Amino acid sequence: MSAPSLLRHASLVPSVVRLASRSSRPRPCIVAKWLGSRGLTTAPDHLQDAVPLRKHLKDEAKRKKLESRHATGQKTDASSLRKDAVDPLLEKWELTVGIEIHAELNTACKLFSTASASAPAGAEEEGDVANARVALFDAAMPGAQPQFQIATLLPAIRAAVALGCTVQRKSAWDRKHYFHWDQPNGYQITQYYDPFAKDGSITLTADDGVPQSDLNGADSLTIGIKQLQMEQDTAKTTHHPPATYHIDLNRSGHPLVEIITLPQIHSPQTAAAVVRKIQAILRSVDSCVTGMEFGGLRADVNVSIRERGTDGTASSYAGVSGLGQRTEIKNLSSFKAVEDAIVAERNRQIGILEAGGVVAGETRGWTLGAAETTRLRGKEGEVDYRYMPDADLPPLLISPELVQHLKETLPELPDQTVTRVQSAYGLSLKDAKTLVILDDGDRLEYLEETVALILERTSAPSPSHQDNSTDATQHFGRITGNWILHEIGGLLSTDSSSSDGTSDTWATLTITPTELAAILLELHHHQTITTRAAKSLLSTLYPTPAGPSRPTVEQLILEGNMRLRQLSDSDYELLGKAIIDQSPDMVKAVRKAAKAGGKKAEGKIMWFVGQMVRRGEEEGGRVEPERAKGVVGRLLVENDE
């Protein structure tokens, strides 16, 4: 059966199991009581606050500034001194980190059933009904068999290709056994022994947040990816204190791709940068549509410490030897959590080893704001999970032609987009990265549409505002990017909530590219309005709902009498004379500079030109700089005589 037909049949399957519809109060779980008596917990990790891009960039700038001050011996604040106090230990002990990223694939159905993988349209507003998207296999009904859904393979292959992996011609399914209420079958179907993709890598730079100590003088850092494997997600557990747990099987069986990096990461900042970079890549190729901030991506980190110059505990992983005893921190759901959890676990392990103790191999948890990770359980290994081939699923065969087709049709990757935006629109690296990352690229599309509309309406930018050799696209690209990031972005951040009490986001913006293009044309090309008037137009349009009654930019300009009038020769004369009469000191400075020779006199004259432009705008008139320069020069000569 073809992938489209499988998706069509998904809506016809009536096997929906509602497990949480009992009216009676659920009994406290015996397993939860048993774990609680031993100081353990299975309470779900709540979503932690994701760090906005702007805040991340500011934090990175502060960190680099502190590093620079420390290197030059400058005085630093108390927080940086506390960091410096740890430096001797960090010089003695080397941190090594490997990451396992679990990302929800962008698919319509689950991995081994035709149940829907996402809530129906409109359900987000009312709340997704628990246990409403569950097929018989998802609930482990006796006799239910897994049926691999071919459509789930496509976003997984796109992810593998984007991460530079080799897609295997043949892969297989394994059962990973563990008993927990969030895993109805008592095992998870995964690809432990024969994953569908291997041997990838990602490249990071200082602009991605990698510290200079990790780059070690190089321009970039490459982190290897061991493998990518497809697997099932678990059910969702909701804790109702003190000892009640509700199970929602809507998420059970959702297709995941697990991305396993090599243990080649040596700082918390680089670890967070790796997760951030991989999330951006997955989103760019439409493999994963929601990131950490919405629970669509989670990370487990493996942390180990060894004394520099030694083999640690002689542990090895994927060809990397001489590692220390590793511990795993599960279910980190923000970039900040990844960085902070690694710092806490690194310091804990250093403390143990410095005291002469031994680090135990175990699985640990992390709570945002905590000073130390907490033990969850002993570390399971291959034997504990009793991996075995899944007897109900045949091997997965992937055609090379399919892989080649997906390679040729792969969307543009984030680094490629940033480079293109810099080149095409003349933006700085920081502004280009911000436009690419913010709002899933919606702001970049807005920029491109606005610039295209401007270029349609003019053959070349105004020569008074650019060098004749500057490309028109770059000229208006820089202007438009600045207005999108700072002026419109400022409106969104200042007006934190809309009239109905919901937070304003880019998706709620009513100012269209057509309207912004019209404003920028009036301001920068036709020069018929002032910058203040342009900002006023944005402020007026911003809260105005879209619809037939919404005024146009032209109507607002006419109603507000914002358009500058053309000045006559006599207007130029009167304006120039008034400014010269009110500025005797500047007149003397021009005369002195003229006697000395050189270009200083011309620079002084341009001060008068600037004053004429500003005064003319205040009085509702448009002053052309070149024309004003001629008038001022002539008046100064006449005044001298």
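As annotated in an unreviewed UniProt entry, the protein chain is Glutamyl-tRNA(Gln) amidotransferase subunit B, mitochondrial from Dissoconium aciculare CBS 342.82. For the record of the protein chain, the UniProt heading Sequence similarities (unreviewed entry) holds the text "Belongs to the GatB/GatE family. GatB subfamily."

### Examining the overall build of the protein chain
Helices and strands together make up the secondary structure of the protein chain, namely 22 helices and 20 strands. Buried positions account for 46% of the 641 residues belonging to the protein chain. Counting every atom, the protein chain has about 32300 Å² of accessible surface; 52% of that belongs to carbon and sulfur.

### Concerning the sheet that holds strand E4 (residues 174–177)
Taking strand neighbours across the sheet as the criterion, the three strands line up as E5-E4-E17 in an open arrangement whose pairing is antiparallel. What marks the edges here is a single partner per strand, and that holds for strand E5 (187–190) and strand E17 (388–389). Taken together, the four bridges between E4 and E5 define a ladder with antiparallel strand orientation. Bridging across to E5, Arg-175 finds its partner in Ile-189.

### Observations concerning the pattern of salt bridges
Counted according to the given criterion, the structure contains 23 salt bridges. Across the pair Arg-298 and Asp-233 runs a salt bridge whose closest N-O atoms are separated by 3.2 Å. Here the residue Arg-298 occupies a position in strand E11 (residues 297–307), and Asp-233 occupies one in the loop between strand E7 (221–232) and strand E8 (236–240), the gap between them amounting to 65 residues. No difference in accessibility class separates Arg-298 from Asp-233, as the two residues are buried. Residues participating in the shared-partner salt-bridge network are Glu-345, Arg-348, Glu-362, Arg-364 and Arg-375.

### Some thoughts on the sheet that holds strand E1 (residues 93–104)
Strand order in this open sheet of nine strands is E2-E6-E7-E10-E1-E11-E14-E15-E16, and the pairing throughout is mixed. Pairing within the sheet leaves two strands with one partner each, and these edge strands are strand E2 (166–167) and strand E16 (374–378). On the sheet, helix H9 (residues 335–354) packs against E1, E11, strand E14 (327–332) and strand E15 (362–365) and is oriented at approximately 25° with respect to E11.

### Comments concerning helix H14 (residues 442–457)
With 16 residues, H14 extends 23 Å between its outermost C-alpha atoms, agreeing within 8% with the 22 Å of an ideal straight helix rising 1.5 Å per residue. Every buried residue of H14 is listed here: Arg-443, Leu-444, Tyr-446, Leu-447, Thr-450, Val-451, Leu-453 and Ile-454. Along its buried surface, H14 packs onto helix H12 (414–425), helix H13 (429–437), helix H15 (472–494) and helix H16 (513–525).

### Points about the packing of H15 against helix H17 (residues 531–541)
Packing of H15 against H17 leaves a shortest axis separation of 10 Å and a crossing angle of 50°. Taken together, the axes of H15 and H17 are oblique relative to one another. Our pair here, H15 against H17, has a crossing hand that is right-handed. Across the interface between the two elements, Trp-483, Glu-487, Ile-488 and Leu-491 from H15 touch Thr-531, Ala-534, Lys-535, Leu-538 and Ser-539 from H17. Class assignment for the residues of the contact of H15 with H17 results in five nonpolar, two polar and two charged.

### Comments concerning the environment of Val-421
Inspection of the secondary structure assignment puts Val-421 in helix H12. Taking relative accessible area as the criterion, Val-421 reaches 0% and is therefore assigned buried. Discounting residues that sit within four places of it in the chain, Val-421 has contacts with Gly-426, Leu-427, Ala-432, Val-436 and Leu-444.

### Some words on the packing of helix H8 (residues 268–284) against H9
Here H8 crosses H9 at 150°, and the two axes come no closer than 8 Å. The angle between the axes of H8 and H9 places the two elements in the roughly antiparallel class. Here the hand of the crossing between H8 and H9 comes out right-handed. Residues Pro-268, Gln-269, Ala-271, Ala-272, Val-275, Arg-276 and Gln-279 of H8 pack against Phe-335, Val-338, Glu-339, Ile-342, Val-343 and Arg-346 of H9. Its residues placed into classes, the contact of H8 with H9 shows eight nonpolar, two polar and three charged.

The rules behind these values
- Residues numbered from 1 in each chain as written.
- Predicted model: local features only at pLDDT ≥ 70, side-chain atom pairs only at ≥ 80, totals over all residues.
- Heavy atoms only, no water.
- UniProt positions renumbered as here; feature names shortened; annotations may be inferred.
- Helix = DSSP H or I, 4+ residues; strand = E, 2+ residues; numbered from the N terminus.
- Buried < 20%, exposed > 50% of the residue type's maximum accessible area, 1.4 Å probe, protein only.
- Areas by Shrake-Rupley, 256 points an atom, 1.4 Å probe, with all protein chains shown as cover.
- Pairing = 2+ DSSP bridges.
- Salt bridge = Lys/Arg side-chain N within 4 Å of Asp/Glu carboxyl O.
- Contact = heavy atoms within 4.5 Å.
- Axes fitted to C-alpha atoms, helices over the stretch in contact; angles between N-to-C directions.
- Expected span 1.5 Å × (residues − 1).
- Parallel < 35°, antiparallel > 145°, perpendicular 65-115°, else oblique.
- Left-handed = near helix turned anticlockwise from the far one by under 90°.
- Nonpolar A, V, L, I, M, F, W, Y, C, P; charged D, E, K, R; others polar.

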